[in-house]
Amino acid sequence: MSRMVSLLAILLSSIAAASPIPSQTIEWGPCPTEGPEAENYASATIPIECGNFAVPIDYTNPDSAPLNLSLVRVPALSGGVYDFVAFDPRSVAADFRLVCATNNFTIAQVLTTASDLSVSEHDSRRGWAVSKANTGICQYQGNGNETAEYIGTVAMARDMASVAEAVDKDGLIRYWGFSYGTTLGATIASMFPDKVDRMLIDGIQNAKQYYHEWTDSELWTYTDKAVEYLFESCAAAGPEYCALAAATNRTGGEMARDFYNFVEDITAAPIGLPKSGSALDGVTLKATIFSQTYDAAGWANFSKVLAPILYGTEEQRIAALESFGKGAAESISLGPSEPNWGIHCGDRIPRTDDFEEIYPSLLNLYNTSYYQGGPNAAVQAVCAQWPWKAKEVYEGNFEAKTKHPILVMSNSLDGQTPIVSARNMSAGFEGAVILENDGVGHCAFSYPTTCAAKHVIAYWVNGTMPAEGTLCEAEFDPYQKLEWADVLQLMANGTTPGNATLSAKKWLAEQLGS
């Protein structure tokens, strides 16, 4: 039988303990071609199979009703290697989804939540009040009373452990998690260290802060630096690759300052755009630039949008803003709000109804990041006032010796999960090693290097750990837009992309004076 690796690379991932549901086998077959789930599989370009698996809705109650998990499997191309098995977690999955907004009024309420609480104390207090109202929508309009207690990281971990036992009878966990999935991975490793045969976690959250503090401020340690690096690497790339550099002869630092000033101006005086039927303010611009910190692959195109806004004529600027506003308006949706609230807020231990108690922590969040501290505060305000707690919440110390050591990965400049968190979390797991990628973007996976690929393959195939302190040097500049397919093809040819001209690690060290 092929060994199995479970991965959920969207927002989440998981695996963990034995299930009281009677022993089951998974019958794999074709994925649905009709019905609401069919669109999830319609665009697949590789062979996939689907199956179902029942777990308890409440692991603390052996007599609780079963919950169906819809599984997807990508079979291994050759025997003896890893199949890929994944499923949507509770709160995200159609089988068990937290739903808050159920009509046009409540949807509008959630979408118009004051999402930047840092502009003034009044905005903070208003955001706190609106966040309280949103918890009420989940409680009195949505299905929170029926679902919220059964959502959370420990429940997902147990679901994944049950699946792991069903797909491979040795019951061992082979897990690859990104972003929030690293908190899930750290929880799994702490609860079930003897079951961890392989675990690679990439883009590390500080799980201690996730559970125990009012805000996740450490996440945004380098957010503003990642934004500045976007402009610095634009200047380094030059007009051939970056439209901003073609539109002005300013330095990267000067471009970053111009963008900051524009955000400040539009925060103070939002712009109405009649052709697109939208209004732009600082929140929109902060959200847009923050989205660029996920992956540098979009920076070249983003610079084409931003160039006329910052350096074009008034006519070019308005036309670009109208186009930008139209795109922003069309992209508005509930997005991850409900699943994020259900999982993160259900896990969070401290709660309060007193704004004064949390306000110092919100101020610290604002001071940590100009671009994300204020917008992220809205989530923290919801979690502090969330009416439910998950049935099980992990309250341990994240210290364990796993069956096989954990491989921890991080980019040198990650604007959403900084390498400082990788260091803080890996210290508690005996034998864990950090593989640092000298790149920019959320998770090392976002910046492909031949070095990282070789170490990942060696870990999964042979369990080989990189040496402590291993650094995968940057092999291309962000505006070159290399993808994994390009890097893997170069590996197959026995070559590498070359060397980057602007090292993210060195640049960040210079900025921090270290």
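If you check an unreviewed UniProt entry, the protein chain appears there as TAP-like protein-domain-containing protein from Lophiotrema nucula.

With that settled, consider the nonpolar core. One recurring pattern in soluble globular proteins: nonpolar side chains tend to sit buried together. Counting 97 residues, the largest nonpolar core has Phe231, Leu244, Phe259 and Leu413 as its most contacted members. Of the domains in this structure, domain 1 (16-88) and domain 2 (434-512) are the two that each give at least three residues to this core.

What follows concerns the packing of helix α7 (residues 223-237) against helix α11 (residues 299-311). Running from N to C, α7 and α11 point in directions that differ by 85°, and their axes come no closer than 11 Å. Taken together, the axis directions place α7 and α11 in an arrangement best described as roughly perpendicular. Contact with α7, carried on its side by Ala226, Tyr229, Leu230, Phe231 and Ser233, involves Trp299, Phe302 and Leu306 of α11 and no other residues of that element. Partitioning the contact of α7 with α11 into residue classes produces seven nonpolar, one polar and no charged.

According to the stated counting rule, one finds five disulfides in the structure shown. Disulfide partner of Cys31: Cys50, at an S-S distance of 2.0 Å. The sign of the 95° torsion about the S-S bond sets the Cys31-Cys50 disulfide as right-handed. In this pair, Cys31 is assigned in the loop between β1 (4-7) and β2 (49-56) and Cys50 in strand β2, connecting sequence segments 19 residues apart. Look at Cys31 and you get buried, because its relative accessible area is 13%. Its relative accessible area of 10% is what places Cys50 among the buried residues. Here Cys100 is linked by a disulfide to Cys138, with a sulfur-sulfur distance of 2.0 Å. Between Cys100 and Cys138, the S-S dihedral sits near 95°, and the bridge is therefore right-handed. Of the two residues, Cys100 is situated in the loop between β4 (83-86) and α1 (104-111) and Cys138 in helix α2 (residues 121-141); the sequence distance between them amounts to 38 residues. Residue Cys138 is classed as buried on the basis of its relative accessible area, which comes to 0%.

This part covers the packing of α2 against helix α15 (residues 373-384). Interhelical geometry of α2 versus α15 gives an angle of 55° and a closest axis separation of 8 Å. Taken together, the axes of α2 and α15 lie oblique to each other. Our pair here, α2 against α15, has a crossing hand that is right-handed. Only Ala378, Ala381, Val382 and Ala384 of α15 make contact with α2, whose side of the interface consists of Trp128, Ser131 and Thr135. Tallied by class, the residues present in the contact of α2 with α15 amount to five nonpolar, two polar and no charged.

Cut-offs and rules
Residues numbered from 1 in each chain as written. Predicted model: local features only at pLDDT ≥ 70, side-chain atom pairs only at ≥ 80, totals over all residues. Heavy atoms only, no water. Core = buried A, V, L, I, M, F, W, Y, C linked by side-chain atoms within 4.5 Å. Buried < 20%, exposed > 50% of the residue type's maximum accessible area, 1.4 Å probe, protein only. Domains from an automatic or database assignment. Axes fitted to C-alpha atoms, helices over the stretch in contact; angles between N-to-C directions. Helix = DSSP H or I, 4+ residues; strand = E, 2+ residues; numbered from the N terminus. Parallel < 35°, antiparallel > 145°, perpendicular 65-115°, else oblique. Contact = heavy atoms within 4.5 Å. Nonpolar A, V, L, I, M, F, W, Y, C, P; charged D, E, K, R; others polar. Disulfide = S-S within 2.5 Å. Left-handed = near helix turned anticlockwise from the far one by under 90°.

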